[in-house]
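Notes for the structure review
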Amino acid sequence: MDHDHYMRAAIGLADEGLRSRRGGPFGCVIVRQGDIIGRGNNRVTSSNDPTAHAEVTAIRDACARLQTFQLTDCTLYTSCEPCPMCLAAIYWARIPTVYYGNTRQDAAAIGFDDDFIYQQIPLAPAARAIRMQPLLREEALGSFRQWAATEDKVNY
């Protein structure tokens, strides 16, 4: 199979999601050794879950199937450039390569916030549209100190 085949599968999932009215026009597949091992389409509105983007649902599917939280030997194909949340999930899953169809500017042109969020990220917390206020840092550091001292932890 070639890259076009997998991208068409992702686009097909986007179209399927639209037809079923589960969410926005986004689809994703994750491929390992030539096999699609994760599939997802946007399910934000049908699941009332703002994190149920195509990439996140595909990552969840692939990780459940492989029983791992790292997809280091996989490739992700998505119908649109990942939003910042999905991009972060891709980094957390350690997926080394991403192919995408539409751009974040294409998504913004039809009313999605991806580009706006990308613009917010480099801003200092005080300059962002969402109010961000540090609170009880010294207390919160206790959990971090305990994690750092744990010898048998699973790093991720």
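Everything in this summary refers to the structure shown in the same document.

In terms of nonpolar packing, the biggest core is built from 17 residues, with Ile-30, Ile-59, Leu-71, Leu-76 and Ile-95 touching the most fellow members. At five residues, the largest contribution of residues to this core is made by helix 3 (residues 54-66). Beyond its immediate stretch of four places on either side in the chain, Ile-95 contacts Ile-30, Ile-59, Leu-71, Cys-74, Thr-75, Leu-76 and Ile-90. Formed by eight residues, the second largest nonpolar core is a distinct cluster that contains Tyr-6, Leu-13, Val-29 and Tyr-77.

Below, the discussion takes up the pairing of strand 4 (residues 97-102). Note: strand 3 (residues 74-80) against strand 4, five bridges, orientation parallel. Bridging from a neighbouring strand, Tyr-77 pairs with Tyr-99 of strand 4.

The next thing to look at is unusual backbone geometry. Excluding glycine, residues mostly carry a negative phi; peptide bonds, for their part, are mostly trans. We note that Asn-48 has phi near 50 degrees; this positive angle belongs to a residue other than glycine. Asn-48 gets classed as exposed once you look at its relative accessible area, which sits at 70%. Its identity as a non-glycine residue notwithstanding, Gln-67 has a phi of 55 degrees, on the positive side. In this structure, Gln-67 sits in the loop between helix 3 and strand 3.

On to a nonpolar patch on the surface, then. Side chains of Phe-69, Trp-92, Trp-147, Val-154 and Tyr-156 sit close together on the surface and give an oily, nonpolar patch of about 620 Å² of accessible area. Positionally, Trp-147 belongs in helix 7 (residues 137-149).

What counts and what doesn't
Residues numbered from 1 in each chain as written. Predicted model: local features only at pLDDT ≥ 70, side-chain atom pairs only at ≥ 80, totals over all residues. Heavy atoms only, no water. Core = buried A, V, L, I, M, F, W, Y, C linked by side-chain atoms within 4.5 Å. Buried < 20%, exposed > 50% of the residue type's maximum accessible area, 1.4 Å probe, protein only. Helix = DSSP H or I, 4+ residues; strand = E, 2+ residues; numbered from the N terminus. Contact = heavy atoms within 4.5 Å. Pairing = 2+ DSSP bridges. Patch = residues over 30% accessible without salt bridge, like charges linked within 9 Å, V, L, I, M, F, W, Y side chains within 5 Å. Areas by Shrake-Rupley, 256 points an atom, 1.4 Å probe, with all protein chains shown as cover. Salt bridge = Lys/Arg side-chain N within 4 Å of Asp/Glu carboxyl O.

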